[in-house]
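Take a look at the letters that make up each chain.
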Amino acid sequence: MSTIDLAPERAVDTVVGPFDEEAFNACGKGEPSLLRAKREQGFHVYKNLPAPTSFDEEWRRTNPRLFPFADFRAGGALPRIEPDDPGEHDEDFDVVVNVGNDGYSINDRTGAIRGGQVMVLPLAEASESCADLIEPYLNGQALPSDWDKFVALNDAFWNFGLFIYVPPGVELEKGIHLKYSMSGDGNALVPQVLIVLGEQSQASILESMSSPDDASCLSIATKEIYLQPAARLTFVTNQEWGRGACQIANDMAMVDSDAQIDWITLNFGTGVSKLKLGCDVCGSGACAELDGLFFCNEKQHIDQKTLQIHSAPHTYSRLLYKGAVQDEGHSVYQGVIQARPGAVKVDAYQTNNNLVLSNGAKADTIPGLLIDADDLKCSHGATIGNLDPDQVFYMRSRGLAEVDARRLLMRGFYDEVADRIPYAWVRDQVHRHVDARLGV
Amino acid sequence: MEDDMADIDTENKLVDNEYKYGFVSDVEVDEAPKGLNEDIIRFISEKKGEPEWMLEWRMKAYQWWLTKDEPRWALLDYPEIDYQDIRYYSAPKQMSERFKGEDGELDPEVKRAFEKLGIPVEEQERLQGVAVDAVFDSVSVATTHREVLEEHGIIFCSISEAMREHPDLVRKYLGSVVPYTDNFFASLNSAVFTDGSFAYIPPGVRCPVELSTYFRINAMDTGQFERTLIVADKGSYVSYLEGCTAPMRDTNQLHAAVVELIALDDAQIKYATIQNWYAGNAEGVGGIYNFVTKRGHCRGRNAKISWTQVEAGAAITWKYPSCILQGDGSTGEFYSVAITNNRMQADTGTKMIHIGNNTKSTIVSKGISADQSKNTYRGMVQIMPTAENCRNYSICDSMLVGSECSANTVPYIEAENSSAIVEHEATTSRINEDQLFYIRSRGIDEESAINLVVNGFCKEVFKQLPMEFAVEATKLLEMKLEGSIG
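Being a predicted model, the structure only gives us computed values, none of them experimental.

Our next topic: the overall build of chain B. What chain B contains, in helices and strands, is twelve helices and 24 strands. A buried classification covers 63% of the 486 residues belonging to chain B. If you take every contact in chain B between residues at least 6 apart in sequence, the share linking residues at least 24 apart comes to 83%.

Rendered as structure tokens:
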């Protein structure tokens with residue numbers, strides 16, 4: 001650590017790629033004043049924050065220059081279009097939201113929206129039709145108090161906004177699928193999604209992203225999730241952007257008393273990713289279970305930061321992130337468990353397991369504990385290694401080919417998390433990704 | 001008025017109980033004016049009777065230092081340090097005359113000071129089995145056990161002396177592990193370092209005694225900038241101990257040391273520190289700012305460097321004893337107990353850089369924070385792409401005593417080789433109630449019970465220390481925790 005200080009030349013640049021004043025003025029014309037105010041505040045912060053450089057601690061392992069911001073246009077608001085023909089697996093959900101280059105559609109498949117079991121509507125519409133409901137959640141309460149350049153950028157420039165609300169006591173039977181499929185038309189995708197679960201409600205949401213490998217796409221996303229007391233949410237992100245895509249995402253959840261979030265993040269796609277995902281368990285009895293899988297091969301670079309923030313006593317969080325790197329892949333995992341003053345009787349655990357499958361691939365892991373309270377138990381474990389040669393040998397001695405032995409071991413490694421995914425076809429996708437990369 | 005005085009008196013007595021090394025010796029000193037500039041560096045170099053190349057090196061370091069900002073990434077909170085308000089050289093007068101050639105007597109005050117600290121510096125009273133180099137502010141005042149060491153061809157003396165007597169060795173190794181461009185504090189040290197120890201163990205020699213340096217800050221407003229260089233030649237072994245204390249003062253004093261260890265083929269260096277600088281009072285007034293760069297270089301095959309530290313003092317600690325494991329099959333170890341109480345802040349840990357094949361490292365760090373203190377473990381384990389079959393195991397445990405303290409763990413792990421195995425584990429929790437209950441149910445009072453549990457918590461580290469030091473460390477811990485438990 002003594003070699004760090006390289007006296008950074010501070011970048012005076014505050015504009016990221018196409019996101020300048022002109023683009024801002026073209027954003028969100030005719031929006032309700034509630035949203036306009038939020039945009040303006042976002043832009044004010046954005047233009048006063050320097051663009052990050054690799055000298056910033058946060059960006060030291062993922063050079064911002066890896067993101068070709070200048071190749072993209074800010075892109076106008078996505079229009080709402082009529083739902084297309086049903087896609088694969090749509091039958092697993094009550095509501096399917098499709099987001100594409102031409103616009104987005106909301107398909108109320110089972111009539112859950114009409115029946116008042118759930119609200120899924122554009123942010124702009126929500127801030128007019130149910131302003132009282134949405135207003136308390138527009139101040140970014142879940143987000144960390146120190147502003148992030150890209151959170152501010154998203155606030156100012158978002159071109160797709162969605163509000164999901166499950167009323168108190170409702171158990172949404174099949175849940176929601178939020179599906180992004182882009183084909184690279186040169187417009188940046190800047191989605192802002194706000195999810196609120198009322199007291200004692202229950203829902204599951206799948207978010208999936210995809211694009212062709214040869215399409216260059218950019219996504220700068222923010223997602224805020226608020227769980228009111230005793231609500232329960234299962235959230236799965238299946239990120240399969242193509243290799244030509246890069247993404248920056250800031251996702252935060254606030255989990256109130258006795259509420260629980262099960263949050264599974266699968267990162268197999270993109271060329272370059274910089275993700276921050278966090279939970280603030282802020283009420284007594286709140287619980288967060290965070291799981292993640294990732295795999296970087298070829299030149300993939302995936303940088304993930306997780307936050308487990310305990311701001312109330314008697315809260316619980318558990319995290320398990322597992323991943324592998326191969327070829328010239330580079331994964332960065334940074335995890336923080338933070339216990340705020342007074343957060344006693346906290347139980348927090350964080351595990352990060354990494355496999356380095358070939359020389360030249362790189363895995364960085366930075367687990368961290370920031371503890372400001374005393375009567376608690378917080379711990380983390382991190383490992384880096386390869387598949388156990390003894391286990392491979394054992395299987396080979398039973399007549400399995402080496403490649404099959406490795407595949408089985410890899411499957412075992414990933415299944416610890418994959419088994420928690422409630423959708424069988426997503427589990428199969430995980431297996432396919434892993435098999436393909438092992439050359440099976 | 002008289003009442004006031006009485007109050008202050010009892011208060012001082014109380015504080016004395018906590019920090020028994022807080023006395024000040026009244027010694028006639030030879031010192032440089034406050035401030036830092038090229039003239040001061042020339043002054044120091046001249047006082048030390050250094051060769052010309054040394055002065056040039058200092059100047060280069062100073063120029064580099066001028067272009068750098070103080071690092072602020074650590075989880076430490078302290079006011080701006082005014083580097084012009086520090087005295088960079090202070091020495092007991094009789095000593096500095098000694099360096100002009102005449103063999104002066106040791107100032108009786110200085111001798112008394114070391115006696116009070118339990119460090120006999122005269123040959124006839126020397127400690128059995130431990131050769132001591134005693135450093136008082138900016139100079140080394142005495143080195144014991146000389147003949148025994150000479151018999152084995154071991155060089156152990158102050159670095160100033162080494163520069164005059166063994167210039168080739170010093171020139172070859174000084175700055176080769178921690179270059180002056182390494183970091184802000186290392187370059188400051190390179191520019192103004194005043195004394196420290198130098199040890200050279202010739203090939204195949206197992207050093208028969210423990211080598212030890214005792215650092216004492218006495219003068220007001222001075223900084224201590226010592227530099228230690230230990231070279232273990234092929235197949236040699238040395239165990240080195242370091243102790244530090246300073247008087248109690250309301251102002252902060254700066255201590256910025258550099259320690260360089262070099263182990264060649266099959267050599268082994270064990271380096272142990274018991275750091276008990278004055279840590280300031282309960283309100284966080286005064287105390288030493290301890291910014292230290294320590295690094296060992298396993299330069300040869302199968303070399304081994306082992307750091308053991310007990311960090312019990314200093315208002316601010318910024319210290320990361322590291323190992324560069326370059327030689328194939330070399331081993332690095334880091335055992336640390338860091339205890340903070342009152343308003344102390346410590347950001348300490350290690351770096352293990354695996355460059356050679358089959359290199360191994362172990363990290364055992366135990367942090368105890370009490371009262372309103374802040375205790376951070378910060379470490380790095382790095383496996384280079386060409387380093388095959390490397391192994392690291394780290395365990396970092398923190399114990400919290402009291403509800404207002406904080407304990408942080410920030411390890412950085414990077415692996416670029418598919419044969420590497422790296423394991424890291426960390427826990428933070430309160431002192432175990434069940435253990436306390438069990439001990440108390442055997443009729444032992446709470447304070448002793450806590451001491452027992454804490455001692456057990458630190459055992460893995462203490463057993464690395466030579467026995468006398470382990471006893472000392474245990475006592476130190478008890479003293480620190482006294483009254484912290486509520």
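Here the focus is the side chain of Asn375(B). Along the chain, Asn375(B) turns up in strand S21 (residues 374-383). Excluding anything up to four places from it in sequence, Asn375(B) contacts Ala338(B), Ile339(B), Thr340(B), Ala346(B), Gly367(B), Ile368(B), Ser369(B), Ser406(B), Ala407(B) and Asn408(B).

This part covers the packing of aromatic side chains. Residue and element names in this part refer to chain B. Here the structure, examined in full by the defined rule, presents 40 aromatic pairs over all chains. Pairing Trp65 with Tyr83 gives two aromatic rings, centres 5.4 Å apart and planes at 80°, and the pair type is edge-to-face. On the criterion of sequence distance, the pair formed by Trp65 in helix H3 (residues 52-66) and Tyr83 in the loop between H3 and strand S2 (90-92) is long-range, its members being 18 residues apart. When sorted by exposure, Trp65 lands in the same class as Tyr83, which is buried. Judged by centre distance (5.4 Å) and plane angle (80°), the rings of Trp318 and Tyr320 are edge-to-face. Look at Trp318 and you get buried, because its relative accessible area is 2%. Judged by its relative accessible area of 5%, Tyr320 falls in the buried class. Taken together, Tyr62, Trp65, Trp73, Tyr78, Tyr83, Phe184, Phe185, Tyr289, Phe291, Trp318 and Tyr320 form an aromatic cluster joined through their ring pairs. Here the basic side chain of Arg72 rests over the ring of Tyr78, its NZ or CZ set 3.9 Å away from the ring centre. A cation over an aromatic ring shows up here: Arg206 above the ring of Tyr237, its NZ or CZ 3.9 Å from the ring centre.

We now examine the environment of Ala315(B). Residues and elements named next belong to chain B. Here Ala315 lies in the loop between strand S14 (304-311) and strand S15 (316-319). As a C-alpha pair, Ala315 and Gly287 span 28 residues in sequence and 4.9 Å in three-dimensional space. Leaving out residues up to four positions away in the same chain, Ala315 has contacts with Tyr278, Ala279, Gly286, Gly287, Ile288, Tyr289, Met344 and Gln345.

What follows covers the interface of chain B and chain A. The partner chain A presents 39 residues to the 46 residues of chain B that form the contact. Summed over both sides, the interface of chain B with chain A buries roughly 3,400 Å², with 49% coming from carbon and sulfur. The interface formed by chain B and chain A includes five salt bridges. Across the pair Arg430(B) and Asp374(A) runs a salt bridge, and its minimum N-O distance is 3.1 Å. Counting every contact that joins chain B to chain A gives 18 residue pairs in polar contact (both at pLDDT 80 or more).

About the criteria used
Residues numbered from 1 in each chain as written. Chains lettered and ligands numbered in written order. Predicted model: local features only at pLDDT ≥ 70, side-chain atom pairs only at ≥ 80, totals over all residues. Heavy atoms only, no water. Helix = DSSP H or I, 4+ residues; strand = E, 2+ residues; numbered from the N terminus. Buried < 20%, exposed > 50% of the residue type's maximum accessible area, 1.4 Å probe, protein only. Contact = heavy atoms within 4.5 Å. Phe/Tyr/Trp six-rings, centres within 6.5 Å; stacked < 30°, edge-to-face > 60°. Lys NZ or Arg CZ within 6 Å of the ring centre and 35° of its normal. Buried area = accessible area lost by both parts, 1.4 Å probe. Salt bridge = Lys/Arg side-chain N within 4 Å of Asp/Glu carboxyl O. Polar contact = N/O pair within 3.5 Å; in protein donor to acceptor, adjacent residues only side chain to side chain.

Geometric descriptors of this kind do not, in isolation, establish any biological role.
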